[in-house]
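Report on the structure
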Amino acid sequence: MPPATLLPVPRVPLAAPLAVPLDAPLDVSFGGGADPGDRTGPEARWVRWARWYERELGWPAEAGPPVRLRTGVRFDVLELPDGAGRETLRRMGAGPGPGTGPVALTGRRMCFLLAPGSADELPGLLEWLEWGGIRLDLRALGAGGLMTAPAPARRGGPGGAAVWLRPPRPGPGAESSLPALRPSPWSGAGGASGGPCLARLVATAAAACHRTRLLGADRDRLPGPGAVAPAGRQRAGQRLASS
(Lines give C-alpha, C1' and ligand atoms only; values in the text may rest on other atoms or scores of the structure.)
Protein backbone atom coordinates (compact mmCIF):
# COMPACT_ATOMS: atom_id res chain seq x y z
CA MET A 1 0.00 0.00 0.00
CA PRO A 2 1.49 3.38 -1.00
CA PRO A 3 2.18 5.81 1.88
CA ALA A 4 -0.61 8.30 2.74
CA THR A 5 -0.33 11.71 1.16
CA LEU A 6 -0.73 14.77 3.46
CA LEU A 7 -2.77 17.50 1.81
CA PRO A 8 -1.94 21.12 2.68
CA VAL A 9 -4.64 22.88 4.77
CA PRO A 10 -5.25 26.50 3.76
CA ARG A 11 -4.62 29.02 6.52
CA VAL A 12 -7.75 30.91 7.59
CA PRO A 13 -7.09 34.31 9.16
CA LEU A 14 -8.40 34.70 12.70
CA ALA A 15 -11.35 37.03 13.21
CA ALA A 16 -10.39 40.58 14.10
CA PRO A 17 -10.81 41.57 17.76
CA LEU A 18 -13.86 43.53 18.86
CA ALA A 19 -13.57 46.92 17.21
CA VAL A 20 -16.70 48.75 18.33
CA PRO A 21 -16.02 51.01 21.34
CA LEU A 22 -18.17 50.81 24.46
CA ASP A 23 -19.41 54.34 23.79
CA ALA A 24 -21.07 53.25 20.53
CA PRO A 25 -24.88 53.71 20.52
CA LEU A 26 -26.62 50.65 21.90
CA ASP A 27 -28.68 48.80 19.27
CA VAL A 28 -31.41 46.84 20.99
CA SER A 29 -33.33 45.70 17.90
CA PHE A 30 -32.80 41.95 18.12
CA GLY A 31 -35.09 41.14 15.21
CA GLY A 32 -34.07 40.83 11.60
CA GLY A 33 -32.04 37.62 11.89
CA ALA A 34 -28.76 39.02 13.19
CA ASP A 35 -25.80 36.79 12.46
CA PRO A 36 -24.79 35.11 15.77
CA GLY A 37 -21.20 35.18 14.61
CA ASP A 38 -21.22 38.93 14.08
CA ARG A 39 -18.93 40.44 16.74
CA THR A 40 -20.32 43.92 16.14
CA GLY A 41 -23.99 42.93 16.39
CA PRO A 42 -26.41 43.84 19.18
CA GLU A 43 -25.62 40.72 21.23
CA ALA A 44 -21.93 41.68 21.36
CA ARG A 45 -22.85 45.13 22.61
CA TRP A 46 -24.83 43.66 25.51
CA VAL A 47 -21.75 41.55 26.32
CA ARG A 48 -19.52 44.65 26.34
CA TRP A 49 -21.99 46.40 28.62
CA ALA A 50 -21.90 43.47 31.08
CA ARG A 51 -18.09 43.35 30.90
CA TRP A 52 -17.91 47.03 31.79
CA TYR A 53 -19.53 46.26 35.17
CA GLU A 54 -17.24 43.29 35.72
CA ARG A 55 -14.09 45.19 34.75
CA GLU A 56 -14.73 48.60 36.33
CA LEU A 57 -16.65 47.58 39.47
CA GLY A 58 -16.00 43.87 39.89
CA TRP A 59 -19.77 43.18 39.82
CA PRO A 60 -20.81 39.85 38.24
CA ALA A 61 -23.24 40.43 35.39
CA GLU A 62 -25.29 38.46 32.87
CA ALA A 63 -25.25 39.76 29.31
CA GLY A 64 -29.00 39.43 28.70
CA PRO A 65 -30.85 41.11 27.07
CA PRO A 66 -31.33 42.96 29.29
CA VAL A 67 -28.04 43.04 31.16
CA ARG A 68 -28.62 42.00 34.77
CA LEU A 69 -26.42 42.29 37.84
CA ARG A 70 -26.23 39.46 40.37
CA THR A 71 -27.16 40.54 43.87
CA GLY A 72 -25.79 39.05 47.06
CA VAL A 73 -22.19 39.00 45.80
CA ARG A 74 -20.87 42.57 45.88
CA PHE A 75 -24.10 44.29 46.93
CA ASP A 76 -27.73 43.72 47.95
CA VAL A 77 -30.71 45.82 46.87
CA LEU A 78 -33.56 47.55 48.69
CA GLU A 79 -36.43 47.98 46.21
CA LEU A 80 -39.49 50.23 46.61
CA PRO A 81 -41.96 52.23 44.47
CA ASP A 82 -40.42 55.20 42.68
CA GLY A 83 -42.63 57.75 44.49
CA ALA A 84 -41.58 56.48 47.91
CA GLY A 85 -38.02 56.21 46.62
CA ARG A 86 -37.89 59.88 45.63
CA GLU A 87 -39.16 60.88 49.05
CA THR A 88 -36.50 58.65 50.61
CA LEU A 89 -33.78 60.29 48.51
CA ARG A 90 -34.97 63.75 49.52
CA ARG A 91 -35.13 62.95 53.23
CA MET A 92 -31.81 61.08 53.31
CA GLY A 93 -30.11 63.95 51.51
CA ALA A 94 -31.46 66.46 54.03
CA GLY A 95 -30.19 64.58 57.09
CA PRO A 96 -26.70 64.16 58.57
CA GLY A 97 -24.19 61.71 57.21
CA PRO A 98 -23.39 60.55 53.67
CA GLY A 99 -27.04 59.84 52.69
CA THR A 100 -27.27 56.85 50.37
CA GLY A 101 -25.09 54.72 48.16
CA PRO A 102 -25.77 54.16 44.44
CA VAL A 103 -29.44 54.37 43.44
CA ALA A 104 -31.07 53.15 40.21
CA LEU A 105 -34.51 53.57 38.66
CA THR A 106 -35.87 50.49 36.88
CA GLY A 107 -39.29 51.16 35.44
CA ARG A 108 -41.52 52.29 38.32
CA ARG A 109 -39.28 50.83 41.02
CA MET A 110 -36.28 52.41 42.71
CA CYS A 111 -33.30 50.32 43.78
CA PHE A 112 -31.01 51.38 46.63
CA LEU A 113 -27.77 49.40 46.68
CA LEU A 114 -26.76 48.02 50.09
CA ALA A 115 -23.77 46.23 51.55
CA PRO A 116 -23.76 42.46 50.92
CA GLY A 117 -25.77 40.56 53.53
CA SER A 118 -28.13 43.48 54.21
CA ALA A 119 -31.10 41.66 52.66
CA ASP A 120 -30.94 39.10 55.46
CA GLU A 121 -31.05 41.91 58.02
CA LEU A 122 -34.21 43.54 56.63
CA PRO A 123 -36.89 41.51 58.51
CA GLY A 124 -35.13 42.01 61.85
CA LEU A 125 -34.53 45.68 61.15
CA LEU A 126 -38.21 46.27 60.34
CA GLU A 127 -39.19 44.57 63.60
CA TRP A 128 -36.68 46.64 65.57
CA LEU A 129 -37.94 49.81 63.92
CA GLU A 130 -41.54 48.80 64.82
CA TRP A 131 -42.58 48.27 61.19
CA GLY A 132 -42.95 44.49 61.58
CA GLY A 133 -46.31 43.11 60.44
CA ILE A 134 -47.22 46.31 58.58
CA ARG A 135 -47.89 45.95 54.88
CA LEU A 136 -45.14 47.76 52.98
CA ASP A 137 -44.31 47.64 49.28
CA LEU A 138 -40.67 47.13 50.22
CA ARG A 139 -38.43 44.18 49.43
CA ALA A 140 -34.77 43.24 49.47
CA LEU A 141 -32.76 41.28 46.91
CA GLY A 142 -29.86 39.24 48.23
CA ALA A 143 -28.07 36.03 47.29
CA GLY A 144 -29.41 34.53 44.05
CA GLY A 145 -31.25 37.70 42.97
CA LEU A 146 -30.92 39.70 39.77
CA MET A 147 -31.23 43.44 39.20
CA THR A 148 -31.70 45.01 35.76
CA ALA A 149 -28.47 46.87 35.02
CA PRO A 150 -28.73 50.55 34.11
CA ALA A 151 -26.58 51.90 31.32
CA PRO A 152 -23.07 52.55 32.64
CA ALA A 153 -22.60 56.13 33.77
CA ARG A 154 -22.23 58.63 30.90
CA ARG A 155 -23.24 55.97 28.36
CA GLY A 156 -26.57 55.99 26.60
CA GLY A 157 -29.06 53.14 26.70
CA PRO A 158 -32.35 52.30 25.01
CA GLY A 159 -35.38 54.43 25.75
CA GLY A 160 -37.22 53.35 28.89
CA ALA A 161 -34.22 51.39 30.17
CA ALA A 162 -33.00 51.40 33.76
CA VAL A 163 -30.95 54.48 34.66
CA TRP A 164 -28.62 55.49 37.48
CA LEU A 165 -29.93 58.32 39.65
CA ARG A 166 -26.77 58.12 41.77
CA PRO A 167 -24.20 56.12 39.82
CA PRO A 168 -21.51 53.99 41.47
CA ARG A 169 -17.91 55.18 41.46
CA PRO A 170 -15.70 52.90 39.35
CA GLY A 171 -12.51 51.62 40.89
CA PRO A 172 -11.53 49.79 44.06
CA GLY A 173 -13.48 50.46 47.21
CA ALA A 174 -16.87 50.97 45.51
CA GLU A 175 -18.51 48.93 48.29
CA SER A 176 -17.43 51.48 50.91
CA SER A 177 -20.28 53.76 49.75
CA LEU A 178 -22.95 51.09 50.38
CA PRO A 179 -25.28 51.42 53.40
CA ALA A 180 -24.44 48.94 56.18
CA LEU A 181 -25.30 48.33 59.82
CA ARG A 182 -23.20 50.29 62.29
CA PRO A 183 -23.31 50.85 66.07
CA SER A 184 -24.78 54.38 66.05
CA PRO A 185 -27.60 54.53 63.47
CA TRP A 186 -28.72 58.11 64.08
CA SER A 187 -25.38 59.89 64.35
CA GLY A 188 -23.80 61.73 61.45
CA ALA A 189 -20.62 59.64 61.45
CA GLY A 190 -20.42 56.85 58.94
CA GLY A 191 -18.94 54.17 61.14
CA ALA A 192 -15.75 52.32 60.39
CA SER A 193 -16.32 52.27 56.62
CA GLY A 194 -17.61 55.84 56.37
CA GLY A 195 -20.64 54.56 54.44
CA PRO A 196 -24.32 55.42 54.94
CA CYS A 197 -26.34 53.85 57.76
CA LEU A 198 -28.58 50.93 56.76
CA ALA A 199 -30.95 51.35 59.73
CA ARG A 200 -31.58 55.02 58.91
CA LEU A 201 -32.18 54.21 55.23
CA VAL A 202 -34.64 51.38 56.03
CA ALA A 203 -36.51 53.55 58.57
CA THR A 204 -36.83 56.37 56.04
CA ALA A 205 -37.86 54.03 53.20
CA ALA A 206 -40.46 52.22 55.35
CA ALA A 207 -42.04 55.51 56.44
CA ALA A 208 -42.12 56.74 52.82
CA CYS A 209 -43.72 53.49 51.60
CA HIS A 210 -46.34 53.61 54.36
CA ARG A 211 -47.12 57.26 53.69
CA THR A 212 -47.43 56.63 49.93
CA ARG A 213 -49.77 53.70 50.52
CA LEU A 214 -51.98 55.63 52.95
CA LEU A 215 -52.21 58.66 50.66
CA GLY A 216 -53.03 56.40 47.70
CA ALA A 217 -55.77 54.60 49.63
CA ASP A 218 -57.16 57.92 50.84
CA ARG A 219 -57.34 59.23 47.26
CA ASP A 220 -59.25 56.10 46.23
CA ARG A 221 -61.84 56.80 48.93
CA LEU A 222 -62.27 60.52 48.24
CA PRO A 223 -65.96 61.56 48.44
CA GLY A 224 -67.71 62.90 45.39
CA PRO A 225 -68.33 66.61 44.68
CA GLY A 226 -70.24 68.28 47.50
CA ALA A 227 -69.88 65.34 49.89
CA VAL A 228 -68.33 65.76 53.34
CA ALA A 229 -65.71 63.27 54.54
CA PRO A 230 -66.27 61.66 57.97
CA ALA A 231 -64.62 63.45 60.88
CA GLY A 232 -62.24 60.53 61.56
CA ARG A 233 -60.93 60.64 58.01
CA GLN A 234 -60.52 64.40 58.20
CA ARG A 235 -58.36 64.04 61.32
CA ALA A 236 -56.26 61.28 59.67
CA GLY A 237 -55.68 63.52 56.65
CA GLN A 238 -54.61 66.36 58.91
CA ARG A 239 -52.07 64.13 60.68
CA LEU A 240 -50.62 63.00 57.33
CA ALA A 241 -50.40 66.56 56.09
CA SER A 242 -48.53 67.68 59.20
CA SER A 243 -46.05 64.73 59.25
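Predicted, not measured: the structure shown is a model, and the values here were computed from it.

Calculation criteria
Residues numbered from 1 in each chain as written. Predicted model: local features only at pLDDT ≥ 70, side-chain atom pairs only at ≥ 80, totals over all residues. Heavy atoms only, no water. Helix = DSSP H or I, 4+ residues; strand = E, 2+ residues; numbered from the N terminus. Polar contact = N/O pair within 3.5 Å; in protein donor to acceptor, adjacent residues only side chain to side chain. Contact = heavy atoms within 4.5 Å. Buried < 20%, exposed > 50% of the residue type's maximum accessible area, 1.4 Å probe, protein only. Pairing = 2+ DSSP bridges. Arc of directions from axis to C-beta. Axes fitted to C-alpha atoms, helices over the stretch in contact; angles between N-to-C directions. Phe/Tyr/Trp six-rings, centres within 6.5 Å; stacked < 30°, edge-to-face > 60°. Core = buried A, V, L, I, M, F, W, Y, C linked by side-chain atoms within 4.5 Å.

**Some words on the side chain of Thr 88**
Here Thr 88 lies in helix 2 (residues 82–94). Here Ala 84 takes part through its backbone oxygen, which lies 2.8 Å from a polar atom of the side chain of Thr 88. Excluding residues within four positions of it along the chain, Thr 88 makes contact with Leu 80, Phe 112, Leu 201, Thr 204, Ala 205 and Ala 208.

**Describing the pairing of strand 4 (residues 103–106)**
Alternating positions in strand 4 separate into two faces, Val 103 and Leu 105 on one and Ala 104 and Thr 106 on the other, with burial throughout. Taking the residues that link successive antiparallel strands as the turn, the strand 4-strand 5 (residues 109–114) hairpin has 2 residues, and the phi of Gly 107 there is positive, at about 70°. By the bridge criterion, 3 bridges tie strand 4 to strand 8 (residues 163–166) in an arrangement that is antiparallel. In the sheet register, Val 103 faces strand 8, and the bridge partner there is Arg 166.

**Observations regarding helix 3 (residues 118–128)**
Every α-helix carries 3.6 residues per turn, so stepping three or four residues along brings you back to the same face. Along helix 3, the positions that sit buried rather than exposed are Ser 118, Ala 119, Leu 122, Leu 125 and Leu 126. Along helix 3, the residues classed as buried sweep out an arc of 95° about the axis, all on the same side. For helix 3, the exposed residues lying more than 90 degrees away from the buried face are Asp 120, Pro 123, Glu 127 and Trp 128.

**Some points on the sheet that holds strand 8**
Here 5 strands make up an open sheet; going across it, the order is 6-3-5-4-8 and the pairing antiparallel. Edge positions in the open sheet fall to strand 6 (139–141) and strand 8, since each of these has one partner strand only. Shown here is a sheet whose adjacent strand axes are inclined to one another by a mean of 30°, direction ignored. Packing against the sheet, helix 3 makes contact with strand 3 (76–81), strand 5 and strand 6, and its axis sits at approximately 160° to strand 6.

**Topic: the packing of aromatic side chains**
Counted according to the given criterion, the structure contains 5 aromatic pairs. An angle of 10° between the planes, with centres 6.2 Å apart, marks the rings of Tyr 53 and Trp 59 as stacked. Comparing Tyr 53 with Trp 59 shows no difference in burial state: the two are buried. Each ring, one from Trp 59 and one from Trp 164, has its centre 6.5 Å from the other, and the planes form 55°; the classification is tilted. Placement of Trp 59 in the loop between helix 1 (42–56) and strand 1 (61–62) and of Trp 164 in strand 8 is noted, with a sequence separation of 105 residues between them. Each member of the pair, Trp 59 together with Trp 164, is buried.

**Some details on the nonpolar core**
Of all hydrophobic cores here, the largest spans 27 residues; its most connected members are Leu 78, Leu 80, Phe 112, Leu 126, Leu 136, Leu 138 and Val 202. Contributions of two or more residues to this core are made by strand 3, helix 2, strand 4, strand 5, helix 3 and helix 4 (198–220). Sorting elements by how many residues they give to this core places helix 4 first, with 9 residues. With sequence-adjacent residues up to four places away left out, Phe 112 is seen in contact with Asp 76, Val 77, Leu 78, Leu 80, Gly 85, Thr 88, Leu 89, Thr 100, Pro 102, Val 103 and Leu 201. Ranked by size, the runner-up nonpolar core spans 23 residues in total, among them Leu 57, Ala 104, Trp 164 and Ala 174.

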